[in-house]
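Spelled out from the first residue to the last, the chains are:
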Amino acid sequence: MASILGIGIATLDIINTVNGYPEEDAEVRAQNQRVCRGGNATNTLVVLSQLGHCCTWGGVWVDEPDGQRILEDLADYAIDIGACRVESQGKVPTSYIILNQCNGSRTIVHYRDVPEFNFADFEAINLSALDWLHFEGRNVAETARMLERSRQVCPALPISLEVEKPRSQIEQLFTQVEVLLFSKVFAQHYAYTDGATFLQAMQQQAPQARLICAWGTKGGYALETNGTLLYSPAFPPPQVVDTLGAGDTFNAGILDSLCHQQDLATALSHACRLAGKKCGQVGFKGLI
Ligand code: ADP
Ligand code: FRU
């Protein structure tokens, strides 16, 4: 089992399940409400933890009542929070989510008012016992410095970067990692309509990296550094009930396989299977 550090966010997710997406300016009643911890990096870690890995979260945690809820959830999955920075003021990043139970779609309004995890926070972490380092692609300038430091102190440590949202200059990070995990949203932002063409274009910017892109109900694509293109279909569950965190689960599946030295084709189909299973259940608990 691998020792994995994930740098990114933990959020409070307020999820209202509705029976059909509302019209603008409508008033609808939610079928139910769930309040739980979310956030890409920590979602990925709770799946990795269930797969048997030893996981540590590096991010900003706020010491307020909703922060406690986040800590309890992470403790439930035995996620080590020793690499976190603690803020005594402010509010944990919060997502207001409409989950449409007819098709499992999730619409997110995200609010944050807390500083980002930065280079000074990262510098304090001992990287020497790690087998894998994973970053959420945010706070580009500081992340660039974190990547540089990782290279200096642990040159052999494999690093993955999640590129989910378009962010100014994020492409400057692409050459610094072994694995790039793109989202369909990112590809579509640059007008790509299929994952294969998108990854082939990205390879020019990151020839050293293995490239992966999840593509919703179509499954996912991957591109080896030698140019071999891989595809896996999605694995639909009997009923799609909750797609929130499907991409984070997919990423966990990729990292799990790569930590076990499995090949990229195996990793891709494992990731799609795991993400499909997640879509058939509420949340992440009991996924494995
Ligand atoms: P995100 O959660 O970032 O929006 P995607 O929608 O691309 O990510 O989904 C990630 C992965 O989850 C996909 O590659 C696919 O394997 C799986 N997935 C997503 N939606 C479904 C679905 N409706 N049925 C089965 N698998 C799905
Ligand atoms: C799902 C998720 C939610 C969170 C939001 C942050 O991928 O991590 O849990 O609220 O995205 O962008």
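In what follows, the accompanying structure is described.

## Considering the overall build of the chain
When helices and strands are tallied, the chain shows 8 helices and 14 strands. Here the C-alpha radius of gyration of the chain, 18 Å, is about what a compact globule of 288 residues would show, namely 19 Å. Dimensions along the principal axes, computed over C-alpha positions, put the chain at roughly 55 × 45 × 35 Å. When burial is assessed residue by residue, the chain has 52% of its 288 residues classed as buried. Put simply, of all contacts in the chain between residues at least 6 apart along the chain, 67% involve residues at least 24 apart. By element, 50% of the accessible surface of the chain is carried by carbon and sulfur atoms, the whole surface being about 12800 Å².

## Examining helix α1 (residues 40-50)
Residues lying three or four places apart along an α-helix face the same way, a consequence of the helix completing one turn every 3.6 residues. Where burial is concerned, most of α1 is hidden: 10 out of the 11 residues are buried. Every buried residue belonging to α1 is among N40, A41, T42, N43, T44, L45, V46, V47, L48 and S49, and all of these are buried. Just downstream of α1 lies G52, where phi reads positive at about 100°.

## Quick word on the sheet that holds strand β14 (residues 229-232)
Here 8 strands make up an open sheet; going across it, the order is β4-β1-β9-β10-β11-β12-β13-β14 and the pairing mixed. Each having just a single partner strand, β4 (54-58) and β14 make up the two edges of the open sheet. Across the sheet, the mean angle separating the axes of adjacent strands is 15° when strand polarity is ignored. Two elements, strand β11 (residues 179-182) and strand β12 (residues 210-214), share 4 bridges in a ladder whose sense is parallel. Bridged to V179 within β12 is R210. Together, β1 (3-7), β9 (132-136) and β10 (159-163) form the strand contacts of helix α4 (residues 140-153), whose direction differs from that of β9 by roughly 170°. On top of the sheet, helix α8 (residues 264-279) reaches β12, β13 (220-223) and β14; it is set at about 25° to β14, its chief contact.

Reading the values: the criteria
Residues numbered from 1 in each chain as written. Chains lettered and ligands numbered in written order. Predicted model: local features only at pLDDT ≥ 70, side-chain atom pairs only at ≥ 80, totals over all residues. Heavy atoms only, no water. Helix = DSSP H or I, 4+ residues; strand = E, 2+ residues; numbered from the N terminus. Rg over C-alpha atoms; globule rule 2.2 N^0.38 Å. Buried < 20%, exposed > 50% of the residue type's maximum accessible area, 1.4 Å probe, protein only. Contact = heavy atoms within 4.5 Å. Areas by Shrake-Rupley, 256 points an atom, 1.4 Å probe, with all protein chains shown as cover. Pairing = 2+ DSSP bridges. Axes fitted to C-alpha atoms, helices over the stretch in contact; angles between N-to-C directions.

By themselves, these figures tell us nothing about what the structure is for.
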